Protein chains: 2
Amino acid sequence: MMGGSAVMTLIEEQAGRSASVVELMNPACVAVVGASEDRRKFGGRILHLLNNQGFRGRILPVNPVRAEILGHQAYRCIMDLPQAPDLVILAIPRDLVVQAVSDCGDIGAKGVIVVASGFSESGDEGARLEQQLLAVAREKAVRIIGPNCVGVVSPANGFSLATTVSLVDRAPVKGHIGLISQSGAVMGTMIDRGISQNVGFSHCISVGNQADLDFCDFVDFMIDDPGTHVICTYVEGIRRADLFLRAAARAQAANKPWLLMKSGRTEAGAASAFSHTASLASNQAILDGVCRQFGIVQVDDVEGMLVAASGWNKYPDMRVRSVAVLSPSGGGCTIAADRLSDIDVPLARFSDSATAALAPLFDGPVRNPVDIGAANDGAAMGYVETIHRAALQDEQVDLVLSVVTNAPVLTEVGKMIGDAARAVAQPLLAVVMPGGYAEGAREHLAAAGVLCTDSLDAAMRAIDAWHAWAQRPAASSAVRPQGLPVPQPGGAGRLDEAGVKRLLGRYGIRVNEGRVASTPDEAAAAAQALRAPYVVKVISDDISHKTEVGGVKLGLPDGPAVRAAVVEMAAQVRRKRPDARVDGFLVQEFVRGELELLLGLKQDAQFGVTLAVGAGGTLAEVLRDVLFAPCPISRESAGRLLERLKLAPLFGGVRGGPPLDVAAVADAMVRLSWLGHDLRDSLQELDINPLLVLADGAGCVAVDGRALSG
Amino acid sequence: MMGGSAVMTLIEEQAGRSASVVELMNPACVAVVGASEDRRKFGGRILHLLNNQGFRGRILPVNPVRAEILGHQAYRCIMDLPQAPDLVILAIPRDLVVQAVSDCGDIGAKGVIVVASGFSESGDEGARLEQQLLAVAREKAVRIIGPNCVGVVSPANGFSLATTVSLVDRAPVKGHIGLISQSGAVMGTMIDRGISQNVGFSHCISVGNQADLDFCDFVDFMIDDPGTHVICTYVEGIRRADLFLRAAARAQAANKPWLLMKSGRTEAGAASAFSHTASLASNQAILDGVCRQFGIVQVDDVEGMLVAASGWNKYPDMRVRSVAVLSPSGGGCTIAADRLSDIDVPLARFSDSATAALAPLFDGPVRNPVDIGAANDGAAMGYVETIHRAALQDEQVDLVLSVVTNAPVLTEVGKMIGDAARAVAQPLLAVVMPGGYAEGAREHLAAAGVLCTDSLDAAMRAIDAWHAWAQRPAASSAVRPQGLPVPQPGGAGRLDEAGVKRLLGRYGIRVNEGRVASTPDEAAAAAQALRAPYVVKVISDDISHKTEVGGVKLGLPDGPAVRAAVVEMAAQVRRKRPDARVDGFLVQEFVRGELELLLGLKQDAQFGVTLAVGAGGTLAEVLRDVLFAPCPISRESAGRLLERLKLAPLFGGVRGGPPLDVAAVADAMVRLSWLGHDLRDSLQELDINPLLVLADGAGCVAVDGRALSG
């Protein structure tokens, strides 16, 4: 991988190649190497797909023995081609690939799609071959898609260079969803579901092993592509965190929704991903932090991703903060309201005008959800269109969720919903729950172009994604606080509490001051230089649980008490742990906090130094309430992280106590994130545990810490 | 409601009516009051449904003006009927219902289905009418289904008396799923989905307002019905907890799976349920506890419930503890493995024989999930049947999950999966992810009777339900510990710490002993009677946060220290809260626990006295880690509750400390549950917070408590 990254960076620096994806995706001339007429073969399938989609550019099949294939003049070999193709697809055995790429370079081709498998996903030998492939591509200035991929399907640009089996007899739907998938099967599955649901794509790219072009290169391309409203990515690993972070920032700046399905999330999943591709599973918690920071919306289901994307496909500007639920049955209303509550999406409050429009139709009060079956016309369903129109027109309703259950005249119900959707072009999602009885309704909804799914689960995933997007953070810049030290290269090895506290102190994070003493008298003297009250701890590398051997004394009011505590402590430790070497006694200011937090830094193999914040002390083990963010972070990001902690309710006061100084914690987080940024080349881990949070206005104090450099 | 319950109990006692549901569900003669030929009317629809399903009994339409309807001789009124029908359905306006039920009683009808709405779900007037209806039914010894329901669909017994719109032209599928639904629309939706998926039902009952027959009466019926393999219930409230608990215990004893979808779970949902039916939303946490105790499996989606039920429909004895995942693509494998991991369902480890059968087909090691596309025949998919057979035959695999993604020759893939399923009758679930491209595969799977869904979400819900069922607790009896006091009726009002501790002490729950003192000297004397060290607390109804006014002193080593603490405390409290009346000082044994738990009792309006166990202290507020169980509980149930707490990992030791005395906590829970049981008529609430848990062998101690009786 390091080789690949280094090469990539070199290419980027030399030629500003980021534009080349645009060139590859707009080919005037393409070549199919290994072309045939046989649909069972890759080379046949590719040509059938290309013909089906009416590609208007020049098509150059390469076949050693045929003069013409499916209406196109064929050529014996790559070197015989009459012009340089913009994009070539190689449907040839693995062992011929490197030479073919070399030939492509020699005739001036810009990009090559490598379908063959047996490269880095298959073991050491394949990995070596992939390195050769990359070296040749670099030498000849050819970009590679794949290997081990199914290719490119671009309804927007009217071409496919792909082996996707489901498209041999069915053209993909053209639309505004961009799709990038590490798995060709997942890509084919989504395109095929799209055909069934009449949901269209702009460009679909199967990126395979990403030897050269990374999926993020295509994300970049789609961010800039005005025909793509939403970017869907299915990957089993993030290989180039630098590209990912750059694309994330660009997508955020461009306000373009990006849905990420990162599979191989879990231990079991990662084991499978490893055997399938050469991806290393990234740490999910850190990925969560990155996505949270940049507003990338994670999804974990293919169908849910497609329904979510369908929303932006049809309504590029939608912003779902609240939902109106309409159903012909109370059961449909109740089920949907439950599920929206599960995902914390609020029900809309109808505006006065919508209420006025709906009130005459009902005996009782008008409420959201609306049980259409409870309207005054009984079960006749005569008001379906009126009610849908009123909800769609309501400016306080961001989305109408129409839950179609069993109901009388269901076909007519579908027609009325469709008519309302035609009349008012506001976001509407219909969930059709019955089976065959609803076929007529489904046809009307499809004819009216209503966003539709049979799965309440998929609907909820989509609404969750839309709502998350509406709540996404604005881009915020991390501003370096004034007065931070000039970065210095750190040394290697462990840092103890004192060392960490010196570091934190330089970055303006408050620590409880302390002095090391060797004797009771020294300890009493040390206390004079510190603020009362005091805590005394034994210093010994041999003792990990100091409390258990009497090695910690808290809340000592004055110097004499400190002296007495050291005398007693020395005796107790000697009695309980005669083997332990005692290096002295630490006298510190004793701080009583309202709450213990954990702050930390962790060097992630992919994303670099990340900040951690979470519950500290005993809570840390139980709550697993830790969130991550790449360093440095803005003040806004720090605040949002704190709000999202499970223990956030305690910030208002612990057990009836005063509100806590959350602002001071956010400030400490920002400072620590800059410390991480500055020491990004040397620091491995740093823990502050606990960071004691005091009452509002009183700040927070790091009372213990450790770090690892190197 | 109380009226209804009292009536019901009376009927049960008088006539042992629980058998009557069997009679109602096996009618030899039925009457349709308000019959017509018009499918748009209830009375027409009912008769069409009845005719469609080839009911072999006698059909008696009642219509004031028609002599014959749809081939059946009609009668002018109920009193004119030539024989007593077993079951009558009333498709007549609300205001005629009470008289009609009276007439039905007079001619000796056993049961009446009331379709009309406008009863208790619609307000006070309707509620009064429902009471009248019930009174007449009781007087005439007629059982009522409804009102406000769509009726009964019984494929097993070959009849429908229902207004279900979707069945007018389509017969339901006969099978082994019993369905009871408070919502007629949800029932119709499920039956219709069942037709589309070829999944069949034994009996379906829409229970509506449950004025007389409760949904639990039908659960009881289905528990005893050998043709019903699994019971599905959709309800928006539990109205008769006594019937629910009895049915739960019977289902558990009969080992019959019961799926419960309780809607109106959440605040938003409950608001909707309230407006829709007269149900009161039950406390979800308490319902969770009841379901956990009896092995009732909760689901929250209609489609997921149907797929789960389909499993038991086809494989009544299945026991899903581990799953093998097979897919033509690595993407399918990875996605499914992730999702199984999310729901904590383990991947099966292939047996040696399965491994031996699979090994020749692959280059690399054989692992679960199996990427069929990685087999030696490349993408030819030639091994699909062999691989499915091997996995199905493996006795270490409880379920084969076949994830069908885009793949070459997909129709043939479907055929091969179907062939394997025909050859080996072990549990198999196929998820078909593509759209139209998979139609051929779907047809083959359907022809082979393979359990099938298009939704990975629904598949996961089903597997989760099957796994939960396989893990269900055996029925365990709560055994009264020896030496508990004879129950005494409690008084009304609050119990303070001392009162609660006396109560706990009588039930054998350890408390830290204490004495009340009025003066420093009395306090020092009190200490002599207790074990050192000590804690002193001020006693004052006016002070709720004692710590903040210096009203608590911990860890006092001896009598003199206790005396000094009381002197200082009296001064501090006087200074900080001069208004507070001080009633004395509590001197207690000071216990330092490893962990704080909360134990409690709560009188639930539905389920009676329930035991609560969870995180205590500050953790309680943040973790919301509290589980409930109805009192009394068995020792096994206590142990299982403790294992399920979020903080269970801490039982092994807090921050490197010793393992905790979980057995003592379980014992205290059992004793407290008997206390709750004994005082079930008077106790409203009781809290022990905290219960301090000590190291293994050292027990647990209730150090604070309060209670409310009345």
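Residues numbered from 1 in each chain as written. Chains lettered and ligands numbered in written order. Predicted model: local features only at pLDDT ≥ 70, side-chain atom pairs only at ≥ 80, totals over all residues. Heavy atoms only, no water.

## Digging into the interface of chain A and chain B
With 77 residues of chain A in contact, the opposing surface of chain B contributes 77 residues. If you look at where chain A meets chain B, you find four salt bridges. A:Arg339 is the partner of B:Asp301 in a salt bridge, and the nearest nitrogen-oxygen pair spans 3.2 Å. The tally of links between chain A and chain B comes to 30 residue pairs in polar contact (both at pLDDT 80 or more). Every element with two or more residues in the side of chain A that touches chain B is listed here: helix 6 (184–197), strand 13 (258–262), helix 9 (267–276), helix 12 (330–342), helix 17 (456–470) and helix 21 (617–623) of chain A. Per element, the largest residue contribution to the side of chain A that touches chain B is ten residues, and it comes from helix 12 of chain A. (Contact = heavy atoms within 4.5 Å. Salt bridge = Lys/Arg side-chain N within 4 Å of Asp/Glu carboxyl O. Polar contact = N/O pair within 3.5 Å; in protein donor to acceptor, adjacent residues only side chain to side chain. Helix = DSSP H or I, 4+ residues; strand = E, 2+ residues; numbered from the N terminus.)

## Brief notes about the sheet that holds strand 16 (residues 370–371) of chain A
Residues and elements named next belong to chain A. An order of 16-15-17-18-19 is seen for the five strands of this open sheet, with the pairing classed as parallel. Bordering the open sheet on either side are strand 16 and strand 19 (451–453), each of which pairs with just one other strand. Sheet analysis places strand 18 (residues 428–432) next to strand 19, joined by three bridges and oriented parallel. The residue of strand 19 that forms the bridge with Leu 429 is Leu 451. The strands that helix 14 (residues 384–393) touches are strand 15 (323–327), strand 16, strand 17 (399–404) and strand 18; relative to strand 17, the one it contacts most, it runs at about 155°. (Pairing = 2+ DSSP bridges. Axes fitted to C-alpha atoms, helices over the stretch in contact; angles between N-to-C directions.)

## Considering the relation of the copies chain A and chain B
Copy one and copy two of the chain differ by a rotation about an axis and a translation along that axis. Overlaying chain A with chain B gives an RMSD of 0.1 Å, the required rotation being 180° about an axis along which the chain moves by 0.0 Å. The operation mapping one copy onto its partner corresponds to a two-fold rotation axis. Considering only C-alpha atoms, the residue of chain A closest to the rotation axis is A:Asp457, which sits at 3.3 Å. (Least-squares fit on C-alpha atoms with pLDDT ≥ 70 in both.)

## Topic: helix 23 (residues 662–678) of chain A
Compared with an ideal rise of 1.5 Å per residue, which puts 17 residues at 24 Å, helix 23 of chain A spans 24 Å between its outermost C-alpha atoms and is within 8% of the ideal. Counting buried positions along helix 23 of chain A yields 13 of 17 residues, so the element is predominantly enclosed. (Expected span 1.5 Å × (residues − 1). Buried < 20%, exposed > 50% of the residue type's maximum accessible area, 1.4 Å probe, protein only.)

## Looking at the side chain of B:Thr233
All names here are of chain B. Its location among the elements puts Thr 233 in strand 12 (residues 230–235). Residue classification places Thr 233 among the buried positions, given a relative accessible area of 0%. A distance of 2.8 Å separates polar atoms of two side chains, one belonging to Thr 233 and the other to Trp 258.

## Observations concerning the packing of aromatic side chains
All names here are of chain A. Here the structure, examined in full by the defined rule, presents ten aromatic pairs over all chains. Seen from their ring centres, Phe 55 and Phe 159 are 5.9 Å apart, and the 55° between their planes marks the pair as tilted. Linking Phe 55 in the loop between helix 3 (42–52) and strand 2 (58–62) with Phe 159 in strand 9 (residues 159–162), this pair joins segments that are 104 residues apart in sequence. Taking the relative accessible area as the measure of exposure, Phe 55 reaches 12% and is therefore buried. (Phe/Tyr/Trp six-rings, centres within 6.5 Å; stacked < 30°, edge-to-face > 60°.)

## Points about the packing of helix 22 (residues 635–644) of chain B against helix 23 (residues 662–678) of chain B
Residue and element names in this part refer to chain B. Here helix 22 crosses helix 23 at 125°, and the two axes come no closer than 9 Å. In terms of orientation, helix 22 and helix 23 fall into the oblique class. Considering only the axes of helix 22 and helix 23, their crossing is right-handed. Listed contacts from helix 23 to Arg 635, Ala 638, Leu 641 and Leu 642 of helix 22 are Val 662, Ala 663, Val 665, Ala 666, Asp 667, Met 669 and Val 670. Along the lines of polarity and charge, the residues of the contact of helix 22 with helix 23 split into nine nonpolar, no polar and two charged. (Parallel < 35°, antiparallel > 145°, perpendicular 65-115°, else oblique. Left-handed = near helix turned anticlockwise from the far one by under 90°. Nonpolar A, V, L, I, M, F, W, Y, C, P; charged D, E, K, R; others polar.)

## Concerning the sheet that holds strand 11 (residues 201–206) of chain B
Residue and element names in this part refer to chain B. In spatial order, the strands read 9-8-11-10-12-13-14; together these seven strands make up an open sheet with mixed pairing. Lying at the two open borders of the sheet, with one neighbouring strand each, are strand 9 (159–162) and strand 14 (297–298). Relative to strand 11, strand 10 (residues 174–181) runs parallel, the two sharing five bridges. The residue of strand 11 that forms the bridge with Lys 174 is Phe 201.

## Here we look at the environment of B:Met381
All names here are of chain B. Along the chain, the position of Met 381 falls in the loop between strand 16 (370–371) and helix 14 (384–393). For the pair Met 381 and Pro 328, spaced 53 residues apart in sequence, the C-alpha to C-alpha distance is 7.5 Å. With residues near it in sequence (within four places) discarded, Met 381 still touches Pro 328, Ile 372, Gly 373, Ala 407, Pro 408, Val 409, Val 413 and Met 416.

## Here's the deal with the UniProt feature "domain: ATP-grasp" (unreviewed entry) in chain A
Taking the UniProt record as the reference, the feature "domain: ATP-grasp" (unreviewed entry) is found at residues 501–537 of chain A. Structurally, residues 501–537 of chain A comprises 41% helix and 22% strand, and the distance from its first C-alpha atom to its last is 16 Å. (UniProt positions renumbered as here; feature names shortened; annotations may be inferred.)

## Focus: the environment of A:Asn157
Residues and elements named next belong to chain A. Relative to the assigned elements, Asn 157 resides in the loop between strand 8 (151–154) and strand 9. For the pair Asn 157 and Pro 27, spaced 130 residues apart in sequence, the C-alpha separation works out to 8.6 Å. Setting aside residues up to four positions removed in sequence, Asn 157 forms contacts with Met 25, Asn 26 and His 203. A polar atom in the side chain of Asn 157 sits 3.0 Å from the side chain of Asn 26.

## Considerations on the nonpolar core
By size, the foremost hydrophobic cluster in this structure holds 192 residues, and its most contacted members are A:Leu259, A:Leu401, A:Trp466, B:Leu259, B:Leu401, B:Ile463 and B:Trp466. Not counting the four nearest positions on each side in its chain, A:Leu401 is found in contact with A:Val323, A:Ala324, A:Val325, A:Leu326, A:Ala336, A:Leu340, A:Leu429, A:Val431, A:Met460 and A:Ile463. Counting residues in hydrophobic clusters, the runner-up holds 98 residues, among them A:Ile509, A:Val670, B:Leu601 and B:Ala664. (Core = buried A, V, L, I, M, F, W, Y, C linked by side-chain atoms within 4.5 Å.)

## So, the packing of helix 6 (residues 184–197) of chain B against helix 11 (residues 302–314) of chain B
Residues and elements named next belong to chain B. Viewed as axis vectors pointing N to C, helix 6 and helix 11 meet at an angle of 50°, and their least axial separation amounts to 10 Å. Taken as axis vectors, helix 6 and helix 11 run oblique relative to one another. Considering only the axes of helix 6 and helix 11, their crossing is right-handed. Here helix 6 contributes Val 186, Met 190, Arg 193, Gly 194 and Gln 197 to the contact with helix 11, which in turn contributes Val 302, Glu 303, Met 305 and Leu 306. In terms of residue class, the contact of helix 6 with helix 11 is built from five nonpolar, two polar and two charged.

## Quick look at helix 4 (residues 97–107) of chain B
All names here are of chain B. Among the eleven residues of helix 4, nine are classified as buried, and the element is accordingly described as predominantly covered. Check the buried side of helix 4 and you find it contacts strand 5 (87–90), strand 6 (111–114), helix 5 (124–139) and strand 7 (143–145). One or two positions beyond helix 4, positive phi appears at Gly 108, with a value near 90°.

## Regarding the pattern of salt bridges
Side chains bearing opposite charge may pair, as long as their charged atoms lie close to each other. Following the criterion strictly, the structure yields 66 salt bridges over all chains and no others. In this structure, A:Asp95 and A:Arg94 form a salt bridge, with 3.1 Å as the shortest nitrogen-oxygen distance.

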